[in-house]
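Fold and geometry: a report
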Amino acid sequence: MSLLALLGVLSSTIFSGTSLLYATLGEVVTERSGTVNLGLEGVLLISAATGYGVTVSTGNPFLGVLAAMLAGGLSNLVFGYLVITRKANQLASGLAVLFFGYGLSALIGKPFVGKLINSLPRYMIPGPGELPLRYTSLFKFDFLIYLVIPMTFFIWWLLYRTRWGLGLRAVGENAETAYASGRNPGMIKFQALFVGGLLAGLGAAHLSIAFTMNWAEYMTGGRGFIAIALVIFSKWHPIRAIAGVLVFSGAVAFQLLLQVSGVNVSPFLLDMIPFILTLTVLLIWGGTRKHSAPATLGRVYQGTE
Amino acid sequence: MEQSSQQPLVSLRGIMKAFPGVLANNNIDLDIFPGEIHALLGENGAGKSTLMKILYGFYRADDGRIWVDGKETRIKSPADARQLNIGMVFQVLNLIPAMSVLENIALFLKDLPGLYNPAQIRKRIFEQSRLYGLEVNPDDMVAHLSIGVQQKVEILKLLLSDAKILILDEPTRVLAPHEVESLFEVLRKLRQNGYAIILITHKLKEVMECTDRITVLRAGRVAGTILCSEANHEKLVQLMFDKQLTAQIEREDLPRALDPVLELVSFSTHGEGTEVSLKNIALKIFPGEIVGVAGVSGNGQKELCDAILGIEKVAGGRKLLKAQDFTHSTTRKMRDFGLGFVPENPLTMATVPFMSVLENMAVTRTADYSRHGGLTMDWKLVQEDARQSLEKFGFTFSYYLPAKSLSGGNLQRLIIAREMMKDSQLIVASYLTRGLDVQSTLVARQELMRARNEGAGVLLISEDLEELFSLCDRLIVLYEGRIAGEFKPSETDYYQIGYLMTGSQGNHVTTH
Ligand SMILES: Nc1ncnc2c1ncn2[C@@H]1O[C@H](COP(=O)(O)OP(=O)(O)O)[C@@H](O)[C@H]1O
Ligand SMILES: [Mg+2]
């Protein structure tokens, strides 16, 4: 196997891992406030389609990123209306948002299928300057890639070092205590969903505007669900989410490597590797899950009389 | 005391609050003055917590007016109450176990900056805790703290939140006697410093010990307000309860049986997460005796019940019933043996909330009532049995109401009636009288004693030392999953038990 193939796989791992990490971070924020959004996949699709459409229409990928974020935030607010205002069951509402997302994203994206876009500009990583062009072109990344790790630390800081984060986590642990401390749990849950939606939007934007540079139905390919699994994997902690994404994306890369190296195994079997690995880790973590999950995760806050 | 000449700090007038099926507060008036400890006394369900939650904005009154500092105010949420410097420690502690002491306190700071500095908060915690002798480590996780320490954290949290009107809802419920005394010490200091304190309790002794004025609530109404100096035991009892309580609990002297009905031999479980592991429990319960389990809740009581019942896996040791091995038997086998079980939370642990009272009466005994190989149920027989056992207790329910519509006390009655319906060989009762009014408490205790007198072995878990001392033939103390001591009630006292309950050794005080 050539060095080029190896580097190619590495590069694509970084590209595909980025959107996953943003989505995972977003879900960490919302789940910390006690809300689990099973419809994340749908939200990602809506954001990806919106971001792509705006980029095509305006020719400006940065506007596209912004639009994708807003679309993510707003979709999550719709979900919030169901589970916070209407006090609907979170899992059922999540599925509703999922299918709503499938439909709406197809509708939004339809006029833009096959259109070309100005993708997000890419910048060379400092360092391997002397390498031949065919190598270095693999290591030109857009700003969303450079931003994702600092963003992870920023989210950690937001959750663990600010008043807002303290209140948010308190709502997820015990909404009544948060209420007794003078906060409005419903409002905080909405805020968490909005921020989570913005992050999901960033991930989706990266997928359609920077990575694949096109729109196709169901293009997220289960990322929303993997992100939800990775939240559990990372024990609801943003920094551990990096490890989760690395494991999953690493497995994807490994699987790609096996495929390009031509091993004689069914590609469908290889495709399953990352999921099997994630499942295994989840099973191992599973036993200790209750120590770290927000105590009211998935429950509807009823308010007081 | 010349409080009457002063302006009250808080005045409540005509407070009304109804919950489905109960009028929890019925036209309540109450004045609280600065620098006083005001007791709110009343039996379970009298409406004390509800009234105080209304003052704290946690519930909204249906009707009534509130003045604070002479100004009429509307308290629509805890945020409003905190603005008025009102703070409250709830009956069920409200700390977040997954957070540190510091974070729990920070959550309630009034002036917490958007970007807070933990070091500064730590310093403030140290200052305040030194002032009142409430030593805690700010960096401990709350999940690892005993209930006594959690109570301290709650009070610190209140003080640091700048509250001047402190509401403490049954703070002594989970404390050992010596801890109660240090809490009262703190309250007295606070009173000196001008705080107004509302202390909710249903224990007369505490009220007489540390308060200035007493308001007694009964069935949602104010039964009377008196100065502590003019109060005595009889007066308060009369205000608390309508009718005179006469029934006695009769303990028959039984010859000690030779073989235990239940024997646990170096019995252990493996607790996960916040559960406690039972360690090396050796316990025998003989027919015709009540063995009491004293302890601060959360020291293995629930695990002990679950393990005896067969819900929790046994990690080591043996469980014998009448010398037969039942260590790994299912709950079903235990039930067939003749086990009655009154769990600590009747709504979630003993009833199916959406099923009717009658269905709930039958649910633990479906085998006895099933006919035609389980295709039908003999509801007539269920009804007859239910009628009989409810009658014995003097309870009446509509059989067709869903269980979830019953109040906590009624639910508890239902469970007691069900579990003592048939003659049991072994009864495990957790917090038997929690949530019962005095009349039903008495009946429940009589019923337990009757079962004992008829030869059942009883394990009674309680946090009420009075109850344990009056009912039990033997007492064990559970601390961190171990048996910390075993006594005959006549050979020990509250203080010794209290110290063992909290894991303190030595300085054992015998004076009362
Ligand atoms: N959230 C609630 N929903 C329904 N009923 C309630 C609620 N809170 C209290 N009650 C009922 O109101 C009555 C008074 O309860 P409470 O104020 O807790 O009494 P206390 O604190 O004096 O023991 C009881 O009958 C109780 O069952
Ligand atoms: Mg109460």
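Preceding block: the structure.
Read on for an overview of the structure. Quick caveat: nothing in here was measured; it's all calculated off a predicted structure.

Moving on: the coordination of the magnesium ion (ligand 2). As a benchmark, a tetrahedral metal site with four donors has ideal angles of 109.5 degrees, while an octahedral site with six donors has ideal angles of 90 or 180 degrees. Residues and elements named next belong to chain B. Coordination of the magnesium ion (ligand 2) by the protein involves Ser49 (OG) and Gln91 (OE1), with metal-donor separations of 2.0 to 2.1 Å. You can see Ser49 sitting in helix α1 (residues 48–55) and its partner Gln91 sitting in the loop between β6 (86–89) and α3 (101–107), a full 42 residues away along the chain. According to the relative accessible area criterion, Ser49 is buried, its value standing at 18%.

Before going further, it helps to examine the side chain of Thr177 of chain A. Counting through the fold element by element, Thr177 of chain A comes out in helix α8 (residues 175–180). Given a relative accessible area of 0%, Thr177 of chain A falls into the buried group. Here Asn174 of chain A takes part through its side chain, which lies 3.0 Å from a polar atom of the side chain of Thr177 of chain A. Once residues lying within four places of it in the same chain are set aside, the contact partners of Thr177 of chain A are Asn94, Ile96, Leu107 and Phe108 of chain B.

Right, let's talk about a nonpolar patch on the surface for a bit. Nonpolar side chains collect at one region of the surface, where Val263, Val265, Leu269, Met272 and Ile276 of chain A lie side by side and expose about 400 Å² of accessible area between them. Mapped onto the elements of the fold, Val265 of chain A is located in the loop between α11 (238–260) and α12 (267–286).

Moving on to the sheet that holds strand β2 (residues 22–32) of chain B. Residues and elements named next belong to chain B. Taken in spatial order, the 4 strands of this open sheet run β2-β1-β4-β5, and their pairing is antiparallel. With partners counted over all chains shown, the strands left at the sheet margins are β2 and β5 (71–73), one partner each. Between one strand and the next, the sheet's axes are offset by a mean angle of 25°, whatever the strand orientation. Sheet topology places strand β1 (residues 10–19) next to strand β4 (residues 63–68); 5 bridges connect them, and they run antiparallel.

Residue and element names in this part refer to chain A. One way to put it is that helix α6 (residues 143–161) packs onto helix α7 (residues 163–173) with a least axis distance of 5 Å and a crossing angle of 75°. It follows from the interaxial angle that α6 and α7 lie roughly perpendicular. Between α6, through Leu158, Leu159, Tyr160 and Arg161, and α7, the contact on the second element is made entirely by Arg163, Trp164, Gly165, Leu166, Leu168 and Arg169. Considering only residue class, the contact of α6 with α7 consists of 6 nonpolar, 1 polar and 3 charged.

Quick look at the interface of chain B and chain A now. Often, the extent of an interface is quoted as the loss of accessible area on bringing the components together. Contact with chain B, which involves 28 residues of that partner, is made by 23 residues of chain A. For the pairing of chain B and chain A, the buried interface totals around 2,200 Å² over both sides, and the portion due to carbon and sulfur atoms is 60%. Interface area lost by chain B to chain A is led by Phe58, Leu107 and Tyr116 of chain B, which between them contribute 24%. Along the contact surface separating chain B from chain A lie 1 salt bridge. The shortest N-O distance in the salt bridge between Arg169 of chain A and Glu103 of chain B comes to 2.6 Å. Looking at the side of chain B that touches chain A, the elements with two or more residues in it are β1, α2 (78–83) and α3 of chain B.

So, on to the site of ligand 1. Residues and elements named next belong to chain B. Near ligand 1 the following residues occur: Phe19, Val22, Ala24, Glu43, Asn44, Gly45, Ala46, Gly47, Lys48, Ser49, Thr50 and Tyr59. At 3.2 Å from an oxygen atom of ligand 1 is found a main-chain nitrogen or oxygen belonging to Ala46. Gly47 places a main-chain nitrogen or oxygen 2.9 Å from an oxygen atom of ligand 1. For ligand 1, whose free accessible area comes to 560 Å², the fraction covered by protein is 72%. Among the elements of the structure, β2 and α1 are those that each provide at least two residues to the shell around ligand 1. Looking at the shell around ligand 1, the element that brings in the most residues is α1, giving 3 residues. Partitioning the shell around ligand 1 into residue classes produces 5 nonpolar, 5 polar and 2 charged.

About the thresholds
- Residues numbered from 1 in each chain as written.
- Chains lettered and ligands numbered in written order.
- Predicted model: local features only at pLDDT ≥ 70, side-chain atom pairs only at ≥ 80, totals over all residues.
- Heavy atoms only, no water.
- Donors = N, O, S within 2.8 Å, 3.2 Å for Na, K, Ca; no water.
- Helix = DSSP H or I, 4+ residues; strand = E, 2+ residues; numbered from the N terminus.
- Buried < 20%, exposed > 50% of the residue type's maximum accessible area, 1.4 Å probe, protein only.
- Polar contact = N/O pair within 3.5 Å; in protein donor to acceptor, adjacent residues only side chain to side chain.
- Contact = heavy atoms within 4.5 Å.
- Patch = residues over 30% accessible without salt bridge, like charges linked within 9 Å, V, L, I, M, F, W, Y side chains within 5 Å.
- Areas by Shrake-Rupley, 256 points an atom, 1.4 Å probe, with all protein chains shown as cover.
- Salt bridge = Lys/Arg side-chain N within 4 Å of Asp/Glu carboxyl O.
- Pairing = 2+ DSSP bridges.
- Axes fitted to C-alpha atoms, helices over the stretch in contact; angles between N-to-C directions.
- Parallel < 35°, antiparallel > 145°, perpendicular 65-115°, else oblique.
- Nonpolar A, V, L, I, M, F, W, Y, C, P; charged D, E, K, R; others polar.
- Buried area = accessible area lost by both parts, 1.4 Å probe.
- Near = heavy atom within 4 Å.

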